Amino acid sequence: MPNPPKSGQVNPVSRRQFFRNGARVAAMTGLGALTGVLATRGTAAGWVWQIDPAKCLRCGNCATHCVLEQSAVKCVQAYAQCGYCQLCTGFFAPEPNELTTAAENQLCPTSAIQRTFVEDPYYQYSIDENLCIGCGKCVEGCLRFGNGSFFLQIRHDRCLHCNECAIARVCPGEAFRRVPAQSPYLLKSVAK
Amino acid sequence: MRRISKFGWLGGLLLLLLGGVARAQLLFPPPEFESGYRMPVTTTPPGRALWLQYLDVGVLAACLAVAVWLIYRPRSRRGIFWLSLFSLAYFGFYRKGCICPIGSPQNIAYGLLHPSYSVPVTVVAFFALPLIVALFFGRAFCAGVCPQGALQDFFLIKPIKVPAFLEHGLGLIPYLFLGAGIAYAATGTGFVICRYDPFVPIFRLSGSFFLLAAGVSFLLIGMFVGRPYCRFLCPYGALLKLGSLVSRWRVRVTPETCTQCRLCEHSCPFGALREPAPPGAPAPIPGERRTLGWLLVLLPVLIIAGALAGRALSPVAARLHPTVALAELYARQQQHPVVYGVMTPEALALARMAEQPGTVLEAAADLRGRFRLATAIFGAWFGLVVGIKLILLSLRVSRTDFEPDPGACFACARCFSSCPSERVRRGLPVVTVQPPVPAAASALAK
């Protein structure tokens, strides 16, 4: 039974009710204080995950550890940094039979790199993102003998923006980090 | 202009050796095209637009308001059903479950301890709004807004009663999961609550086999044990439970005064409905007071024991942090070298560490120190939770009616229609189709 109101009390409040009210006020104050403290830290519009190309070790985890069946990580081409080589070590498998686009000559397991003739002896290499699985084989190939214009990036039109990136926690280079959503890419730029 | 094409592989190698590979400089200078070729630019497709994220917050707020209204005004189970179907579609299958309030305490903890990470406004809103609602109206979020809860709710076919000891025992897990999630977020390890969410992979229709299997198992169990994740695992549910224990308004089975007809007794599939105290409660027994006294003494003992145990287990807990794991792998490698394959993540990580082992080892040592503190606090929290649970169990029941436990009640509105007064209010036939009720109660109902 609830406590009977004491005589002379205008607004009877039971002891439990009093504790509940007090706890609620305390909780609201706490929440307000928490929000206040967080607000003083600056209010970010949001964060997205991105790969720092300088730290990427091309291990291949990006292709397999994304929660998406087709990883949101794709290879991108920094054209200004590309040498447009006829023998591209990011495109051709080591010791290719011929310098043709035949699949057996290619390093990419899904033939996602498109090689198009520009002018003698230059070829343009671009990535078909629908085919790219983000394995980083071409990135390694290009870095080993070339300019390193291929690099891996999270493509934000595909990324689900998980609160915790499933690739980030298995990245051996700790190359994944949160970046502000306003500048969501860490692109390679031409070294001066 | 150099032409790698003429030299082939040998040329490339030669240049590599000659140049000494200054990483900053390009091995092959970009060509100067004569054919009027226009160089494409690297595309940078943007992420989800900010206004859409604010829209999510708006939808959350609107859903919470509708849920509160449905529970307290029309008291409509059907309304809650349709609302949770919408939430499942929007927050679940459209938004793919991220970001959701369940994981948000981790962002708050991480933001508080890592100045470089300012918590986005949307995340703060997702964290705070359901909690504020719980402080005033109970767990309206669980009722009709949470997609994880909705998914389990739709699978409920034949609820069985969970034995009280199991209900109380398993009911402690959410507090521990919450503590662990916050501890791991605070140490910068990662967000374990998000990592082990069993339903988000179902919303995405892709994920690891383990998690998909866990999700399906939860749904299968959920056919008989109502909302198993919500009751026995959900860390945000633990927060909401604490909030709704002190809520201003509470869900009641009956719209008016309870006639003690017991018709609602079996109407809650989640074991949240509590019996009133037996009539004519006896005077306080000294034994009960003694138990309470001992439990109050036990509380600080449990807290201290928990803290010590947590501290002792900190080396194990710290292994989840990638830096600590790498440092341990490195130490093992020094003693018993294992050959990892070329370009495997382990080999690459070890090679990276070998460049400057000192910094990684230092960072790992610093992290281990943080973990000692974090696990001690977590252990103390564990002790506190267990102690308070024991104290609450020893308290005398002072309920006068059949009432939902304010903490455990999901406000799903299922029990309402079992109440004859409610059926009269709605103009429904009072003869109910109910599970067998005691003879006395059915006589009362007539």
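Note that the coordinates shown come from a computational prediction; the quantities given were computed from them, not determined experimentally.

On to the packing of helix α17 (residues 322–335) of chain B against helix α18 (residues 345–355) of chain B, then. Residue and element names in this part refer to chain B. Interaxial distance between α17 and α18 falls to 10 Å at its minimum, and their mutual angle equals 85 degrees. Judged on the interaxial angle alone, α18 and α17 are roughly perpendicular. Contacts between α17 and α18 involve L326, A327, L329, Y330 and Q333 on the former and, on the latter, A349, L350, R352, M353 and A354. Class assignment of the residues belonging to the contact of α17 with α18 gives a composition of eight nonpolar, one polar and one charged.

Attention now goes to helix α2 (residues 50–72) of chain B. Residues and elements named next belong to chain B. Its 23 residues give α2 an end-to-end C-alpha distance of 34 Å, which sits within 8% of 33 Å, the value for a rise of 1.5 Å per residue. Of all the positions in α2, only L52, Q53, D56, V57, V59, L60, C63, L64, A67, V68, L70 and I71 are classed as buried. Each element contacted by the buried residues of α2 is listed here: α3 (77–94), α5 (121–137) and α6 (140–144).

Next up on the list: the domain arrangement of chain B. All names here are of chain B. Domains assigned within chain B are domain 1 (57–249) and domain 2 (286–394). Computed over C-alpha atoms only, the centres of domain 1 and domain 2 are separated by 26 Å. Counting residues at the interface gives 13 residues for domain 1, matched by 15 residues for domain 2. Interface area, domain 1 with domain 2, both sides summed: about 1,300 Å², of which 77% is carbon and sulfur. Of all residues in domain 1, the largest losses of buried area upon contact with domain 2 belong to L172, L176 and T187, amounting jointly to 38% of the total for that side. Connecting domain 1 to domain 2 are zero salt bridges. Looking at the side of domain 1 that touches domain 2, the elements that each hand over two or more residues are α9 (173–186) and α10 (192–195). With six residues, the top contributor of residues to the side of domain 1 that touches domain 2 is α9.

This next bit is on the packing of aromatic side chains. Residues and elements named next belong to chain B. In this structure the tally under the stated criterion is 28 aromatic pairs over all chains. Joined through ring pairs, the aromatic side chains of F86, Y90, F91, Y94 and F126 make up one cluster. Residue placement shows R75 over the ring face of F416; its charged tip is 3.9 Å from the ring centre. In this arrangement the basic side chain of R248 is found over the ring face of W249, its NZ or CZ atom lying 4.8 Å from the centre.

This next bit is on the nonpolar core. Ranked by internal contacts, the top residues of the largest apolar core, which has 74 residues, are I71(B), F91(B), I102(B), F141(B), V145(B), F199(B) and Y236(B). The next biggest cluster of nonpolar side chains, apart from the first, holds 33 residues, and it includes W49(A), F92(A), Y125(A) and F150(A).

The periodicity of an α-helix, 3.6 residues per turn, causes residues three or four places apart in sequence to face the same way. End to end, α5(B) covers 24 Å across 17 residues, agreeing with the expected 24 Å (1.5 Å per residue, within 8%). The buried count for α5(B) comes to twelve of 17 residues, which makes it a mostly enclosed element. Residues of α5(B) that are buried: T122(B), V123(B), V124(B), A125(B), F126(B), F127(B), A128(B), P130(B), L131(B), V133(B), A134(B) and L135(B). Considering only its buried residues, α5(B) is in contact with α1 (15–40) of chain A together with α2, α3, α4 (104–113), α6 and α14 (235–245) of chain B. Trailing α5(B) by a residue or two, G138(B) shows a phi angle of about 90 degrees, which is positive.

Bringing the interface of chain A and chain B into the picture now. With 72 residues of chain A in contact, the opposing surface of chain B contributes 77 residues. With both chains or domains summed, chain A and chain B bury close to 6,500 Å², and 63% of this area falls on carbon and sulfur atoms. Interface area lost by chain A to chain B is led by R24(A), F145(A) and N163(A), which between them contribute 10%. Counting across the chain A and chain B interface gives two salt bridges. R195(B) is paired through a salt bridge with E164(A); the nearest N and O atoms lie 2.7 Å apart. One can count 20 residue pairs in polar contact (both at pLDDT 80 or more) joining chain A with chain B. When residues of the side of chain A that touches chain B are traced back to their parent elements, those giving at least two are α1, β2 (73–77), β3 (113–119), β4 (122–127) and α3 (137–145) of chain A. Per-element tally for the side of chain A that touches chain B: the top contributor is α1(A), with eleven residues. Of the residues that constitute the side of chain A that touches chain B, the class distribution is 39 nonpolar, 17 polar and 16 charged.

Calculation criteria
Residues numbered from 1 in each chain as written. Chains lettered and ligands numbered in written order. Predicted model: local features only at pLDDT ≥ 70, side-chain atom pairs only at ≥ 80, totals over all residues. Heavy atoms only, no water. Axes fitted to C-alpha atoms, helices over the stretch in contact; angles between N-to-C directions. Helix = DSSP H or I, 4+ residues; strand = E, 2+ residues; numbered from the N terminus. Parallel < 35°, antiparallel > 145°, perpendicular 65-115°, else oblique. Contact = heavy atoms within 4.5 Å. Nonpolar A, V, L, I, M, F, W, Y, C, P; charged D, E, K, R; others polar. Expected span 1.5 Å × (residues − 1). Buried < 20%, exposed > 50% of the residue type's maximum accessible area, 1.4 Å probe, protein only. Domains from an automatic or database assignment. Buried area = accessible area lost by both parts, 1.4 Å probe. Salt bridge = Lys/Arg side-chain N within 4 Å of Asp/Glu carboxyl O. Phe/Tyr/Trp six-rings, centres within 6.5 Å; stacked < 30°, edge-to-face > 60°. Lys NZ or Arg CZ within 6 Å of the ring centre and 35° of its normal. Core = buried A, V, L, I, M, F, W, Y, C linked by side-chain atoms within 4.5 Å. Polar contact = N/O pair within 3.5 Å; in protein donor to acceptor, adjacent residues only side chain to side chain.

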